[in-house]
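Analysis of the macromolecular model
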Amino acid sequence: MNASRIVAGNWKMNKTLAEGLDLIREVCARKPATECLTIMATPYIHLAQASEMVSGHASYRIAAQDCSAHAGGAYTGEISAAMIASTGATHVIIGHSECRQYNPTSKAVLPRKIDQALAHGLTPIFCVGEMLSARDKNRHFAVVYAQLKQGLFHLSEDQWQKVIIAYEPVWAIGTGRTATAEQADEMHRYIRKRLAPVCGDYASRIPILYGGSVNPKNASHLFAQPNISGGLIGGASLKADDFVSLIEAMEGVLRNER
Ligand code: PGA
C-alpha cells in the first residue's frame, strides 16, 4: 500500500448511523485492501464503530471532520481531539471551507486545532482554497499562501511530516464545476514551492489532496497530475459504487506509474 497516495471521502452531514455503517461495510467488502490509503471522514457519531469496522483492513482509516481548539472542559457541543483519538479514528479535517464559511471567527483558532490534533496523535487534513471572487481577481495564490501560513507555519520540522494538505477551491465544492487538472496541479506545485522554506525537501513529498467535485469521470486525470497526491471527495464518497470507482481510479494511476 502506498500511504502517500490518498483517496479520502468527506461525508459532511450525511448518513444516519445505520446508513453510514452500511456504506463502510459495502466498500470494505468490495475492496478489502486498497493500494492507496483510503480514508472516510464520517460524522462524529460514526467514529467508534467505523474505526472498529475498518480495523481489519490495513489500508483504511477513519477521520473526523473537525475538532475543538480546546483540550477539554465547559465547551458545550464541542468534541476534543482526545475524544476523537479515543474512538480509534486517526485523522481529522481542519479548516474545511464550509466550517470557515459558517463560523467565520473560527479562522484564528485553526492553528490551535492543528496543535490539538497533533498532540493527540491525529493526522490533520488541513484545507485551503480560494473563493471565486479571489480567483477572478487573480488573488488565488495569495489567498492560499495566507491560509497555509496562518494554519501551519508554526509547526516544527517533525510535525510537518504528520500533516496532509487539501486544496479545495471553494467555487468547485459541490458545484459540479471542477478545477481543471492543470489548474489544480498548478496550485499544488505553488504550495510545494512555498512550503520548501519551512519544511525543506519534504515539501516535494507532503501529501496534497485536491477537492472539489471529484467524480469517477474526472478522478484518473486529476490523480495522475505530478503534484496531486489524491483527493478529498464529498458527494462522490456517499455511494459505494462511486467511492470504489475513485479508489480504482487511484489504483490505475499507481499501476501506470510503476
Ligand atoms: P465535493 O466536496 O466533492 O462534493 O465537491 C468536496 C469537499 O468539500 O471536501
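One structure accompanies this document, and this report is about it. All values reported here derive from a predicted model rather than from experimental measurement. (Residues numbered from 1 in each chain as written. Predicted model: local features only at pLDDT ≥ 70, side-chain atom pairs only at ≥ 80, totals over all residues. Heavy atoms only, no water.)

**Describing the packing of aromatic side chains**
Cut-off, in case you're wondering: Two rings from Phe, Tyr or Trp (for Trp, the six-membered ring) form a pair when their centres sit within 6.5 Å of each other. Planes less than 30 degrees apart are called stacked, planes more than 60 degrees apart edge-to-face, and all others tilted. The classification of residues rests on relative accessible area computed with a 1.4 Å probe and restricted to protein chains. Under 20% of the type maximum is buried, over 50% is exposed, and intermediate values are partly exposed. For the purposes of this entry, the term helix denotes a DSSP run of H or I that reaches at least four residues, the term strand denotes a run of E that reaches at least two, and both are numbered from the N terminus.
For the structure shown, the criterion picks out 4 aromatic pairs. Relative to Phe-153, the ring of Tyr-145 has its centre 5.8 Å away and its plane inclined at 80°; by these criteria the two rings are edge-to-face. The class of Tyr-145 is buried, set by a relative accessible area of 19%. The partly exposed category is assigned to Phe-153, whose relative accessible area is 21%. A centroid spacing of 6.4 Å and a plane angle of 55° characterise the contact between Tyr-167 and Tyr-210, whose relative ring orientation is tilted. With Tyr-167 in strand β6 (residues 164–167) and Tyr-210 in strand β7 (residues 208–211), this residue pair connects regions lying 43 residues apart in the sequence. These aromatic residues form a ring-pair network of at least three members: Tyr-145, Phe-153 and Trp-160.

**Comments concerning the pattern of salt bridges**
Rules: Any Lys or Arg side-chain nitrogen located within 4 Å of an Asp or Glu carboxyl oxygen qualifies as a salt bridge.
By the definition in use, this model includes 12 salt bridges. Between Lys-12 and Glu-98 there is a salt bridge, with its nearest N and O atoms 2.8 Å apart. Of this pair, Lys-12 sits in the loop between β1 (2–10) and α1 (17–30) while Glu-98 sits in helix α4 (residues 97–102), and the two are 86 residues apart along the sequence. A relative accessible area of 21% means that Lys-12 is categorised as partly exposed. When the shortest N-O distance is used, the salt bridge between Asp-66 and Lys-113 registers 3.0 Å. Placement of Asp-66 in the loop between β3 (60–64) and α3 (81–86) and of Lys-113 in helix α5 (residues 110–119) is noted, with a sequence separation of 47 residues between them. For the pair shown, Asp-66 and Lys-113 are each scored as buried. A network of salt bridges, in which partner residues are shared, links Glu-26, Arg-30 and Asp-241.

**Regarding the packing of helix α7 (residues 140–152) against helix α9 (residues 181–199)**
The cut-off we apply is this: For helices, the fitted line uses only the C-alpha atoms of the stretch in contact; every axis is such a line through C-alpha atoms, and the angle between N-to-C directions lies from 0 to 180 degrees. In this scheme, roughly parallel covers angles under 35 degrees and roughly antiparallel covers those over 145, while 65 to 115 is roughly perpendicular and the rest are oblique. By convention, the crossing between two helices is left-handed when the near helix turns anticlockwise from the far helix through less than a right angle, and right-handed when the turn is clockwise. Pairs of residues are marked as contacts when any of their non-hydrogen atoms sit within 4.5 Å. Under this grouping Gly is polar, as are all residues other than the nonpolar Ala, Val, Leu, Ile, Met, Phe, Trp, Tyr, Cys and Pro and the charged Asp, Glu, Lys and Arg.
Running from amino to carboxyl end, α7 crosses α9 at an angle of 45°, the nearest separation of the two axes being 11 Å. Considering their axes alone, α7 and α9 lie oblique with respect to each other. Crossing geometry of α7 relative to α9 is assigned as right-handed. Contacts from His-140, Phe-141, Val-144, Tyr-145 and Leu-148 in α7 reach Glu-186, Met-187, Tyr-190, Ile-191, Arg-194 and Leu-195 in α9. Per-class residue counts for the contact of α7 with α9 are 8 nonpolar, 1 polar and 2 charged.

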